[in-house]
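Fold and geometry: a report
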Amino acid sequence: AQRVTQPEKLLSVFKGAPVELKCNYSYSGSPELFWYVQYSRQRLQLLLRHISRESIKGFTADLNKGETSFHLKKPFAQEEDSAMYYCAPHQAGTALIFGKGTTLSVSS
Amino acid sequence: GAGVSQSPSNKVTEKGKDVELRCDPISGHTALYWYRQRLGQGLEFLIYFQGNSAPDKSGLPSDRFSAERTGESVSTLTIQRTQQEDSAVYLCASSLAWVGELFFGEGSRLTVL
C-alpha cells in the first residue's frame, strides 16, 4: 500500500536556525516527489519537485531512494517560512496522496 | 479565469441538508482532485478524475459523498444528509497531466450546524 509519513506535526525554530522537515514514503515503483506549502490565508501551492532539482526560497530536498526519504531542508529559517508543509509522492496515473503535513513555526 | 475556481466560498447549512460544491478547473487540465481539510488537520484525499478514465473514489468517506465531472471541465461534489463532522474546507485541484503540479482553488468552507 502507498504510504507517506511526516513524523512531526509541529516544528518550532528560531529565525536563522536550520530546518529539516522529514518525509518518508513507501510506494511501489518510482514515484515523483513533491513538497507543497500552504501559507496563512493563501492557496496550497507547489514548493518544489525532485525532478527539477531546484532550490526554491532557499529550500532544497534530497531524495534518498535507499531510505525512501525526501526531507526538506533550509539552512537559515526566516519568519516568512512559517507555514504548513506537505510531502507528496506521486505515482503517474494514480491519485496524489499527501502526508499529514508539518506546521513550521519560525519565531524571532 | 486563469486559476481553479470554487464556489461557494462559504456555506452554512443545517444538519441533514444536502449541499453541492462546485469546481471549475484550469482549462485543458485533464486531472481533477477533491480533498477535505478539517480544522487543524492535513489534506484528506476524496476523489480523483483523470480524463475519461473511471474516477478513483477510494477516498470518499461514506456513500453520502459523491462527485461528478462533465468531460474535462466542471466538477460537483455532493454531500447528502450532512453531518456536523462534514464541517471542513473542501479543496479542488487540477493538473495538466498524469503526474505534475497540482493547482489548487481557494476552497469551499462548509459549516454544518
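Above this text sits the structure in question.
Criteria and cut-off values
All residue numbers refer to position in the chain's written sequence, counted from 1. For this description, chains carry letters from A and ligands carry numbers from 1, given in the order in which they are written. Totals for whole chains, interfaces and linings use every residue, but because this is a predicted model, local features are given only for residues with pLDDT of at least 70 and side-chain atom pairs only at 80 or more, for both listing and counting. To obtain the side-chain values, all non-hydrogen atoms of the structure were included, while hydrogens and water were left out. Working definition: helices are DSSP H or I runs of at least four residues, strands are E runs of at least two. Numbering for both runs from the N terminus. For two strands to pair, DSSP has to find at least two bridges joining them. Axis lines are fitted to C-alpha atoms, over the contacting stretch for helices. Their N-to-C directions set the angle, which ranges from 0 to 180 degrees. When two rings of Phe, Tyr or Trp (its six-membered ring) have centres within 6.5 Å they constitute a pair, described as stacked for plane angles under 30 degrees, edge-to-face for angles over 60, and tilted for the intermediate range. Accessible area is worked out with a 1.4 Å probe on protein chains only. A residue is then buried under 20% of its type maximum, exposed over 50%, and partly exposed in between. Grid spacing is 1 Å over the protein atoms alone, the probe is 1.4 Å, and a cavity is where that probe fits but cannot get out, while a pocket is an open set with protein on both sides within 12 Å along at least five of seven lines and lining residues have an atom within 4 Å of a point. Grid points are joined across faces, edges and corners, and a volume is the space filled by probe spheres set on the points. All residues other than Ala, Val, Leu, Ile, Met, Phe, Trp, Tyr, Cys, Pro, Asp, Glu, Lys and Arg, Gly among them, are scored as polar; the first ten of these are nonpolar and the last four charged.

Turning our eyes to something else, we now look at unusual backbone geometry. Following S7 of chain B, the chain continues to P8 of chain B via a peptide bond in cis, the omega torsion being -10 degrees. Looking at where P8 of chain B falls in the secondary structure, it is placed in the loop between β1 (5–7) and β2 (10–13). Even without a glycine there, the phi angle at K57 of chain A is positive, about 55 degrees. Structurally, the position occupied by K57 of chain A is in the loop between β6 (45–49) and β7 (60–64). Unlike most non-glycine residues, R81 of chain B shows phi in positive territory, near 45 degrees.

Moving on: the sheet that holds strand β2 (residues 10–14) of chain A. Backbone hydrogen bonds hold the strands of a sheet together, and the pairing may be parallel or antiparallel. Residue and element names in this part refer to chain A. Here 5 strands make up an open sheet; going across it, the order is β2-β10-β9-β5-β6 and the pairing mixed. Both edges of this open sheet fall to β2 and β6, since each of them pairs with a single strand only. With direction set aside, neighbouring strand axes in the sheet form an average angle of 30 degrees. In this structure, strand β5 (residues 32–38) lies alongside strand β9 (residues 83–90), joined through 7 bridges in antiparallel fashion. Within β9, the position partnered with F34 by the bridge is A88.

For the rest of this paragraph, the subject is the packing of aromatic side chains. Residues and elements named next belong to chain B. A full pass over the atoms with the stated rule returns 12 aromatic pairs over all chains. When the centroid spacing of 6.0 Å and the interplanar angle of 40 degrees are considered together, the rings of Y35 and F104 count as tilted. Of the two residues, Y35 sits in strand β4 (residues 31–37) while F104 sits in strand β9 (residues 103–104), which places them 69 residues apart along the sequence. Of the two residues, Y35 and F104, neither departs from the other in class, the shared state being buried.

Looking now at the sheet that holds strand β6 (residues 65–69) of chain B. Residue and element names in this part refer to chain B. Taken in spatial order, the 4 strands of this open sheet run β1-β3-β7-β6, and their pairing is antiparallel. The open sheet is flanked by β1 and β6, the only strands paired with a single partner. For this sheet, the mean angle separating the axes of adjacent strands, direction not counted, is 15 degrees. Sheet topology places strand β3 (residues 19–24) next to strand β7 (residues 75–79); 5 bridges connect them, and they run antiparallel. From the neighbouring strand, R22 faces β7, where its bridge partner is T76.

We now examine the pairing of strand β10 (residues 108–112) of chain B. Residues and elements named next belong to chain B. Of the two faces of β10, the one holding S108, L110 and V112 is buried and the one holding R109 and T111 is not buried anywhere. Pairing between β2 and β10: 4 bridges, direction parallel. Of the residues in β10, the one forming a bridge with K11 is L110. Relative to β10, strand β8 (residues 88–95) runs antiparallel, the two sharing 3 bridges. Looking at the pairing, Y90 lines up with S108 of β10.

What follows covers the layout of surface pockets. For the largest pocket, the calculated volume is near 650 Å³. As for the largest pocket, its lining consists of 30 residues, of which Q38 and R41 of chain A together with Q37, V89 and R109 of chain B are closest to the centre. Take the lining of the largest pocket: its biggest share by element is 4 residues, from β10 of chain B. When the residues that make up the lining of the largest pocket are grouped by side-chain class, the tally is 10 nonpolar, 15 polar and 5 charged. In terms of lining residues, the second largest pocket is bounded by 22 residues, among which F98, G99 and K100 of chain A together with G42 and L43 of chain B are the most central. Contributing elements (two or more residues each) for the lining of the second largest pocket: β1 (3–5) of chain A together with β5 (43–50) of chain B. Ranked by residue count, the leading element in the lining of the second largest pocket is β5 of chain B, at 3 residues. Grouping the constituent residues of the lining of the second largest pocket by class yields 7 nonpolar, 8 polar and 7 charged.

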